[in-house]
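A structural walkthrough
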Amino acid sequence: MTRTILITGGGSGIGRATAFEAARRGWAVGILDRDGESAERAAAEARRMGARRVWSAASDVTDERELVDAFGAASTALGPVDGVTASAGIEVNAPLPRMSLDTWRRVLDVNLTGTFLTVRTAAQALQDAGRPGSVVCVSSPSAFVGFAGGSNSAYGASKGGVSAFVRAAAIDLAPHGIRVNAVVPGATDTPMLYFGLDGDELEAERARLRDAAARQIPLGRMADPAEIARAAVWLLSDDASYVTGSHLVCDGGLTAKSANDF
Ligand SMILES: NC(=O)c1ccc[n+]([C@@H]2O[C@H](COP(=O)([O-])OP(=O)(O)OC[C@H]3O[C@@H](n4cnc5c(N)ncnc54)[C@H](O)[C@@H]3O)[C@@H](O)[C@H]2O)c1
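As a further point, take the site of the ligand. Residues in contact with the ligand amount to 27 residues; listed here are only the nearest, Ser12, Ile14, Asp33, Tyr155 and Thr190. Contact between the ligand and Gly13: an oxygen atom at 3.5 Å from a main-chain N or O atom of the residue. Within the backbone of Arg34, a nitrogen or oxygen atom sits 3.2 Å from a nitrogen atom of the ligand. Computed on the free molecule, the ligand has an accessible area of 830 Å², of which 93% lies beneath the protein chains in the complex. Of all elements in the fold, only helix H1 (13-24) and helix H5 (153-173) reach the threshold of two or more residues within the shell around the ligand. When the residues that make up the shell around the ligand are grouped by side-chain class, the tally is twelve nonpolar, eleven polar and four charged.

Here it is as structure tokens:
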């Protein structure tokens with residue numbers, strides 16, 4: 001069955017790669033991002049890659065009204081949406097004593113409340129249309145383990161919330177034929193890892209991360225966003241028809257391994 005999917009945070013990184021994987025399969029793809037221009041560029045590329053239809057818009061996942069309007073406009077442009085990937089997210093780190101309430105609220109608002117609003121809007125739209133569907137959220141290893149480098153309390157709490165939400169939402173939505181799952185990307189080479197950096201600084205950070213990945217991740221490297229996108233697209237597809245409330249960990253073995261060498 002050909003899918004019609006909507007992706008939040010689809011202008012960059014894992015969301016963008018998910019749009020491209022869906023486009024390669026000839027699916028219809030709607031791309032939402034706070035940054036409307038990046039969403040538009042990703043949509044143009046998805047069209048070139050073979051998407052059956054494309055549509056994009058600027059939309060902030062923390063704005064309930066914007067999301068509802070965007071889902072409505074996407075359905076009008078693409079046909080009824082039956083798959084959603086909630087990839088919009090931010091990471092802002094600080095040691096706990098210096099974690100401001102403002103930063104804490106912002107990270108929780110985008111990553112957790114944004115995921116809730118996206119899934120709720122999708123569920124309402126699917127129920128109104130009387131259609132089954134599949135929703136993929138994006139969690140993180142930090143939902144399950146503390147990062148050795150620390151400073152990750154807000155992001156980790158937001159992703160722990162996403163993982164708990166995925167299980168709860170899967171139970172609520174199963175009677176409506178709506179599956180809810182999460183991908184768990186490990187370190188994935190996207191702009192999120194280099195936020196605020198450019199030029200030599202960006203290249204130096206990339207080299208540092210590649211070196212760290214080679215030493216610490218069992219598969220010896222970071223993920224390419226397309227590797228996470230293929231997992232997300234599998235969960236969206238009917239090949240995953242009996243999978244709900246689950247986590248598909250794509251982390252190169254990161255969480256399988258203890259950092260302790262004794
Ligand atoms: N890159 C990694 O190593 C990694 C690892 C685990 C989980 N993740 C998660 O994967 C998801 C995608 O991250 P990425 O690495 O592709 O990052 P990215 O920065 O490349 O992409 C995130 C996108 O989300 C958009 N966005 C941010 N806030 C938004 C908002 N309020 N409303 C709408 N769009 C918004 C950004 O504009 C951007 O296009 C995030 O949820 C992130 O937490 C990333």
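Past the structure itself, the notes keep going.
Our focus in this paragraph is the packing of H1 against helix H7 (residues 225-236). At a minimum axis separation of 8 Å, H1 and H7 run at an interaxial angle of 60°. Classified by the angle between their axes, H1 and H7 sit oblique to one another. The handedness of the crossing between H1 and H7 is right-handed. Along its contact with H1, which presents Gly13, Ile14, Ala17, Thr18, Glu21 and Ala22, the element H7 presents Pro225, Ala226, Ile228, Ala229, Arg230, Ala232 and Val233. Taken together, the residues of the contact of H1 with H7 sort by class into nine nonpolar, two polar and two charged.

Let us look at the packing of helix H3 (residues 64-78) against helix H4 (residues 101-129). Remark: H3 packs on H4, axes separated minimally by 10 Å, with the N-to-C direction vectors making an angle of 40°. By the angle class used here, H3 and H4 are oblique. Both H3 and H4 take part in a crossing whose hand is right-handed. Between H3 and H4, the contacting residues are Glu64, Leu67, Val68 and Phe71 on the first element and Leu117, Thr118, Arg120, Thr121, Ala122 and Ala125 on the second. Of the residues that constitute the contact of H3 with H4, the class distribution is six nonpolar, two polar and two charged.

Rules of the game
- Residues numbered from 1 in each chain as written.
- Predicted model: local features only at pLDDT ≥ 70, side-chain atom pairs only at ≥ 80, totals over all residues.
- Heavy atoms only, no water.
- Near = heavy atom within 4 Å.
- Polar contact = N/O pair within 3.5 Å; in protein donor to acceptor, adjacent residues only side chain to side chain.
- Areas by Shrake-Rupley, 256 points an atom, 1.4 Å probe, with all protein chains shown as cover.
- Helix = DSSP H or I, 4+ residues; strand = E, 2+ residues; numbered from the N terminus.
- Nonpolar A, V, L, I, M, F, W, Y, C, P; charged D, E, K, R; others polar.
- Axes fitted to C-alpha atoms, helices over the stretch in contact; angles between N-to-C directions.
- Parallel < 35°, antiparallel > 145°, perpendicular 65-115°, else oblique.
- Left-handed = near helix turned anticlockwise from the far one by under 90°.
- Contact = heavy atoms within 4.5 Å.

Read these as spatial facts, not as claims about activity.
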